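So you can see what is in the structure, the chains are spelled out below.
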Amino acid sequence: MKILITGCNGRIGKYLVKILKKKHYVRGIDKHHKKNNLFDDFIESNLQNKEIISRSLDDIDIVVHLASLMSWHPNDNKKLFNSNVHGTFNLFSTIGNHSIKKFIFASSGEVYPETNYNTKPITEENSTLPTSTYGLTKLLGENIVKKFCFQNNINYIILRFGHSQYPHELFDEK
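Residues numbered from 1 in each chain as written. Predicted model: local features only at pLDDT ≥ 70, side-chain atom pairs only at ≥ 80, totals over all residues. Heavy atoms only, no water.

With parallel pairing, six strands are arranged side by side in an open sheet as β3-β2-β1-β4-β5-β6. Looking along the sheet, the strands with just one partner apiece sit at the ends: β3 (41–44) and β6 (155–161). Ignoring which end each strand starts from, the neighbouring axes of this sheet average 15° apart. Sheet topology places strand β1 (residues 2–6) next to strand β2 (residues 25–30); five bridges connect them, and they run parallel. Of the residues in β2, the one forming a bridge with Ile5 is Gly28. (Pairing = 2+ DSSP bridges. Helix = DSSP H or I, 4+ residues; strand = E, 2+ residues; numbered from the N terminus. Axes fitted to C-alpha atoms, helices over the stretch in contact; angles between N-to-C directions.)

Let's shift gears to the environment of His98. Secondary-structure assignment places His98 in the loop between α3 (77–93) and β5 (102–108). Residue His98 is classed as buried on the basis of its relative accessible area of 16%. In the structure, His98 is positioned 56 residues away from Ile154 in sequence and 11 Å away in space, judged by C-alpha atoms. Non-local contacts of His98, meaning those with residues more than four positions away in its chain, are made with Ser54, Leu57 and Asp58. (Buried < 20%, exposed > 50% of the residue type's maximum accessible area, 1.4 Å probe, protein only. Contact = heavy atoms within 4.5 Å.)

Our focus in this paragraph is the side chain of His65. Position of His65 among the secondary structure elements: in strand β4 (residues 62–65). Relative accessible area serves as the criterion here: at 0%, His65 is assigned to the buried category. In this structure, His65 is in contact with Thr6, Leu47, Thr88, Leu91, Phe103, Ile104, Phe105 and Ala106, ignoring residues within four places of it in sequence.

This part covers the packing of aromatic side chains. What the rule picks out here adds up to five aromatic pairs. Pairing Phe92 with Phe103 gives two aromatic rings, centres 4.5 Å apart and planes at 40°, and the pair type is tilted. In this pair, Phe92 is assigned in helix α3 and Phe103 in strand β5, connecting sequence segments 11 residues apart. When its relative accessible area of 0% is taken as the criterion, Phe103 is described as buried. A network of ring pairs unites the aromatic residues Phe89, Phe92, Phe103 and Phe148 as a single cluster. For the cation-ring pair, Lys2 lies above Tyr25, with the distance from its terminal atom to the ring centre recorded as 5.5 Å. (Phe/Tyr/Trp six-rings, centres within 6.5 Å; stacked < 30°, edge-to-face > 60°. Lys NZ or Arg CZ within 6 Å of the ring centre and 35° of its normal.)

What follows is the structure, encoded as structure tokens:
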């Protein structure tokens, strides 16, 4: 199988590439180029250029969409929508011209009202009502995936990850 991983140099992406590379062709796309030999092919770009996105999808069977911006700062709201919503939409705007068989989308537990929920544990059956802009952008991304995969007859999986921060990102270093 030929797999495209967006956000391939991120927290989850760099580990996934190592695993998948053992048995599959892996193309990575990421806005940050980190020198390594993990990829069969690497494209340095964000998901704003539709021509580059379309080229990254050439001959690909499976897309693993990990690329995302994570922030809770109000000043980053526009960047969150640009990366997480527009980037996902841009990816799908050219996907119909390719023969993608499966799409895997990295969402977030932030789509649930985590800090304000009466029922615990939270399951997939719980309603979604994000309390953060980040959570809202991930939920919008999920809806984009569902719409375009249905229209293009692509199987999809949506994964709602819990926190994937490094320890130094969770705690104040004082």
